[in-house]
Amino acid sequence: MATEKVLALTGIDRNYGQGDTLLTILKGADFSLSAGETVALVAPSGTGKSTLLHVAGLLEHPDAGEVVVGGEACSALSEDRRTAVRRRSIGFVYQFHHLLPEFSALENIMMPQLIAGLSMAEAKERAAQLLDYMRIGHRADHRPAELSGGEQQRVAIARAVANAPLVLLADEPTGNLDPETASYVFSALRALVRQSGLAALIATHNHELAQRMDRCVTIVDGKIVDYVV
Ligand SMILES: Nc1ncnc2c1ncn2[C@@H]1O[C@H](COP(=O)(O)OP(=O)(O)OP(=O)(O)O)[C@@H](O)[C@H]1O
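Residues numbered from 1 in each chain as written. Predicted model: local features only at pLDDT ≥ 70, side-chain atom pairs only at ≥ 80, totals over all residues. Heavy atoms only, no water.

An unreviewed UniProt entry lists the chain under the name ABC transporter ATP-binding protein, with Ciceribacter ferrooxidans as the source organism. Under the UniProt heading Sequence similarities (unreviewed entry), the entry covering the chain gives this text: "Belongs to the ABC transporter superfamily. Macrolide exporter (TC 3.A.1.122) family." (UniProt positions renumbered as here; feature names shortened; annotations may be inferred.)

Below, the structure written as C-alpha cells:
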C-alpha cells in the first residue's frame, strides 16, 4: 500500500531580487513527507532552509512549482483559501518561541483552538493535556517571561500541534537553547510528533539531533537531496 503523502513539493523555484541582484535559492526542488514521517533538514546557513519551510508552509509563494498539502494543490488557491489550508493543516515552531507575552502558557495553547472554533472547555482540556505531555503542567498559569527557554519552547511546540495539524514545520526549534536543554526539548518534540501521528520537517544545524529523525535531507544547488549525517 502506498504511503499517504501529507506534503509534496514539486519543481519548486524560489528567487529573491531581480536582474543583477537575482538570487536563486531553490531551483527545481522536489520534496515529500509521508504521514507520520519525521525528517531533519540540515544545510549550511544561507542555503534556503527557512525559504523551503516558508514555501512548504504556504507563507511564501514559489516562483514556479506546486505545493500539495493534504492532497490539496495550493498554487492556484486564493489567499483566503491558502490561509485556511495553513491553519487547518500546518503547525509552525520557530527558533524564538513567539508566545503572546500577556497570556499564560495554557492560554497560549488554547488560542489557536479558540480561533478554530473549539469551545473554551474543549480548548482548555486539550491545552492542559499537551502541557502535561510536555511535562510542564505545573507551569500552566505562568506567563512566557516566567518560564525558562526550554519551557517556553515546549509551550510553543504544544501550541503548534494544538489543532492537530497534518504537518509540523520547525525552523531551528532548539537553536536558542543550551545543548542539554536542546536535547531534552528535541526528544519531547519527537515524542509528541510520534504520539500524534504527525509528519514533521525540522531544520537544525545539530547533527546529533538530526540523527534522531527518520531521515535527513539537505539543499544542494537549490535542490533537496538525501543527506547522511
Ligand atoms: N526576503 C528576502 N529578500 C532577499 N533575500 C532573501 C530574502 N529571504 C532570504 N533571502 C536570502 O536567501 C538566502 C536563503 O535564506 P534562508 O533564510 O532561507 O537561509 P537558511 O538556510 O534558513 O539560513 P540560516 O541557517 O542562516 O537561517 C540567504 O542568502 C538570504 O539572505
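More follows now that the structure is in view.
Q: So what exactly am I meant to see when it comes to the site of the ligand here?
A: In the region of the ligand, the neighbouring residues are Tyr16, Leu23, Ile25, Pro44, Ser45, Gly46, Thr47, Gly48, Lys49, Ser50, Thr51 and His205. One of the backbone nitrogen or oxygen atoms of threonine 47 is found 3.3 Å away from an oxygen atom of the ligand. Interatomic distance of 2.8 Å between a backbone N/O atom of serine 50 and an oxygen atom of the ligand. Surface burial for the ligand is 56%, taken as the share of its 640 Å² of free accessible area covered by protein chains. Residue assignment for the shell around the ligand shows that the elements contributing at least two residues are β2 (23-34) and α1 (49-56). Of the residues forming the shell around the ligand, the biggest block, three residues, is contributed by α1. The residue makeup of the shell around the ligand, split by class, is four nonpolar, seven polar and one charged. (Near = heavy atom within 4 Å. Polar contact = N/O pair within 3.5 Å; in protein donor to acceptor, adjacent residues only side chain to side chain. Areas by Shrake-Rupley, 256 points an atom, 1.4 Å probe, with all protein chains shown as cover. Helix = DSSP H or I, 4+ residues; strand = E, 2+ residues; numbered from the N terminus. Nonpolar A, V, L, I, M, F, W, Y, C, P; charged D, E, K, R; others polar.)

Q: Before we go on, may I ask you to explain helix α4 (residues 120-133) in this structure?
A: One turn of an α-helix holds 3.6 residues; hence residues three or four places apart share an orientation. The terminal C-alpha atoms of α4 lie 20 Å apart, and with 14 residues this matches the ideal 20 Å at 1.5 Å per residue to within 8%. When we look at burial in α4, the residues that qualify are Ala123, Ala127, Leu130 and Leu131. Seen end-on, α4 carries its buried residues on one side only, within an arc spanning 100°. Summarising the geometry of α4, the exposed residues directed more than 90 degrees from the buried face are Ala121, Glu125 and Asp132. Its buried side turned inward, α4 meets α3 (105-115), α5 (149-161) and α6 (179-196). (Expected span 1.5 Å × (residues − 1). Buried < 20%, exposed > 50% of the residue type's maximum accessible area, 1.4 Å probe, protein only. Arc of directions from axis to C-beta. Contact = heavy atoms within 4.5 Å.)

Q: Help me understand the sheet that holds strand β7 (residues 167-171) in this model?
A: Neighbouring strands of a sheet are bound in pairs by backbone hydrogen bonds; such pairs are parallel or else antiparallel. Taking strand neighbours across the sheet as the criterion, the six strands line up as β6-β7-β8-β3-β9-β10 in an open arrangement whose pairing is mixed. Every other strand in the sheet has two partners, leaving β6 (90-93) and β10 (223-226) as the edge strands with one partner each. Shown here is a sheet whose adjacent strand axes are inclined to one another by a mean of 25°, direction ignored. Sheet contacts for helix α2 (residues 79-89): β6 and β7; angle to β6, the most-contacted strand, approximately 70°. With respect to the sheet, α6 is in contact with β3 (38-41), β7 and β8 (199-203), its orientation differing from that of β8 by roughly 155°. (Pairing = 2+ DSSP bridges. Axes fitted to C-alpha atoms, helices over the stretch in contact; angles between N-to-C directions.)

Q: Can you help me understand the pairing of β6 in this one?
A: Remark: a regular strand shows side chains that alternate across the two faces of the sheet. On β6, burial covers both faces: Ile90 and Phe92 on one face and Gly91 and Val93 on the other are all buried. Two elements, β6 and β7, share four bridges in a ladder whose sense is parallel. Paired with isoleucine 90 across the bridge in β7 is valine 167.

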